Amino acid sequence: MLLSIESSCDDSSLALTRLEDCKLLWHAKISQEAEHSAHGGVVPELASRLHAHNLPLLLQKAKAFLGGKTPFAPLKAIALTTRPGLAITLLEGLMMAKALALSLNLPLISVDHLKGHLYSLFINQPCARFPLSVLLVSGGHTLIIEARDPTNMGIIAQSLDDSLGESFDKVARMLGLGYPGGPVVEKLACLCPAGEEYPFPLPLRQKSALAFSFSGLKNAVRLAVAKAQPLSQELQAQICAGFQTTACAHLLHKVRAYLQSARVERFGLVGGVSANTYIRTQLENLCAEFGIELLLAPLEFCTDNAAMIGRAGVMGYQHAEFSDVHTLDISPHTEIPQSADSIL
Ligand code: KG4
Ligand code: ZN
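All values reported here derive from a predicted model rather than from experimental measurement. The residue numbering used here restarts from 1 in each chain and proceeds along that chain's sequence as written. To label them, take the chains in the order written and letter them from A, then take the ligands in the order written and number them from 1. For a predicted model such as this one, the threshold for reporting local features is a pLDDT of at least 70, and the threshold for listing and counting side-chain atom pairs is 80 or more; totals across whole chains, interfaces and linings nevertheless cover every residue. Side-chain metrics in this entry use all non-hydrogen atoms of the structure; hydrogen atoms and water are not considered.

1. What about the sheet that holds strand 7 (residues 142-149)?
Quick note on the threshold: Any two strands are treated as partners once DSSP identifies two or more bridges connecting them. Helix numbering and strand numbering both begin at the N terminus, where a helix is a DSSP run of H or I of at least 4 residues and a strand a DSSP run of E of at least 2. Angles run from 0 to 180 degrees between N-to-C directions of axes, and those axes are lines fitted to C-alpha atoms, restricted for helices to the stretch in contact. Any two residues whose heavy atoms approach within 4.5 Å are treated as being in contact.
The strand order across the open sheet built from five strands is 8-7-6-9-10, with neighbouring strands paired in mixed fashion. Of all the strands in the sheet, just strand 8 (152-158) and strand 10 (293-296) have a single pairing partner and so form its edges. With direction set aside, neighbouring strand axes in the sheet form an average angle of 25°. Sitting on the sheet, helix 9 (residues 277-290) is in contact with strand 6 (132-137), strand 9 (266-270) and strand 10, with an inclination near 160° to strand 10.

Written out as structure tokens, the structure is:
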């Protein structure tokens, strides 16, 4: 089996995946949401210290799950997120992976976090299906990735400024709702009756470019909040619903343009924001209109987790993509290249 480690942002997570059939045998995660909530967002220094505390706790749990006198004997390799993410949190995962690899004499498999999200669609499934295009919406990214096969992927579109997850978090912060913002903004948006959403302008409406932008929408929310003081709960709900429907309409506008211009067999929705029920439903409807199959990850694997890193790691194991323990390093950047026809 494969041990996988995720520490790219504010979730410490470990998982054990069976190599033969990709069955997820065990996984655990310690989220740092409570600690970062007071600051309205992730504080890298704090996140790094918490990983240093939490990763060994999770390893103890993995050890207990494996049991016996030599609990780590069934391990064949260690997969870990090495990029993209916060350098000082990625380093915590790298440190643990290297210590384990050296002491247990195991190979290391380096996993790109964005590919990890893509493979969240195939946790517990022995066969990943390609070609596949995915919309990745998370705290760090808003991208369309075209994956022709496991070794041939390209970024087709991305955000010109902020990511959608970060925008959900900022909107929540403006409304004093804590961190992470996505779940609480979604919950409040549900309280707003249909048709009463606060009206915000659709980003990049006139632009044909395949790209996303959320900074203007975020600013429009900021102005609406400033104008509406003191905020009633009713108005809060209207602002949350207005933000969510406008952000989603923008996603759909661009995904529609993509589906019209490319030959897409199947489409996936991944990343933390893909836990949003409204966005899932809207994208389901869009894909149905195009007769395209939509793949969705189970809700528990939308936000960061080591199970998806393990699933991606199995692909690396099958292709013997092992890294040198002495030279393997972290990077804040993804290894997935821009496609030639993307605009950035
Ligand atoms: O994928 P993820 O765990 O971390 C990154 O790779 O960035 O995504 C975290 C993001 C946060 O910004 C959080 O607010 C957002 O996912 N999120 C949601 C929901 N659940 C989490 N956004 C909208 N609706 C949700 N239900
Ligand atoms: Zn992520």
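Resuming the write-up.
2. Considerations on helix 5 (residues 164-174)
For clarity, the threshold we go by: When a residue's accessible area, from a 1.4 Å probe over protein chains only, is under 20% of the maximum for its type it is buried; when over 50% it is exposed; and in between it is partly exposed.
Burial analysis of helix 5 places eight of its eleven residues in the buried class, the great majority of the element. The complete set of buried residues in helix 5 reads L164, G165, S167, F168, D169, V171, A172 and M174. Lining the buried residues of helix 5 we find strand 6, strand 7, helix 6 (181-189), helix 7 (215-227), helix 8 (233-261) and helix 9. Positive phi appears at G176, one or two residues downstream of helix 5, with a value of about 70°.

3. Focus on the site of ligand 1
Put simply, the test is: A molecule or strand has a residue near it when one of that residue's heavy atoms lies within 4 Å. We call two N or O atoms a polar contact when they sit within 3.5 Å, provided that within protein one can donate a hydrogen and the other can accept it, with sequence-adjacent residues counted only if both atoms are side-chain atoms. Using a 1.4 Å probe, accessible areas were evaluated by the Shrake-Rupley method; residue-level cover was limited to the displayed protein chains. Every definition here rests on a 1 Å grid over the protein atoms only: cavities are sets of points where a 1.4 Å probe fits but cannot get out, pockets are open sets enclosed by protein on both sides within 12 Å along at least five of seven lines, and lining residues have some atom within 4 Å of a point. Assignment to a cavity or pocket requires that more than half of a molecule's atoms be within 2 Å of the site's grid points.
As a structural note, the neighbourhood of ligand 1 is formed by 20 residues, with G139, G140, D169, E186 and D304 the closest of them. Measuring from an oxygen atom of ligand 1, one finds a side-chain N or O atom of H113 at 3.2 Å. G165 has a polar backbone atom sitting 3.1 Å from an oxygen atom of ligand 1. Within the complex, 90% of the 560 Å² of free accessible area of ligand 1 lies under protein. Its atoms largely coinciding with the cavity grid, ligand 1 occupies the largest pocket.

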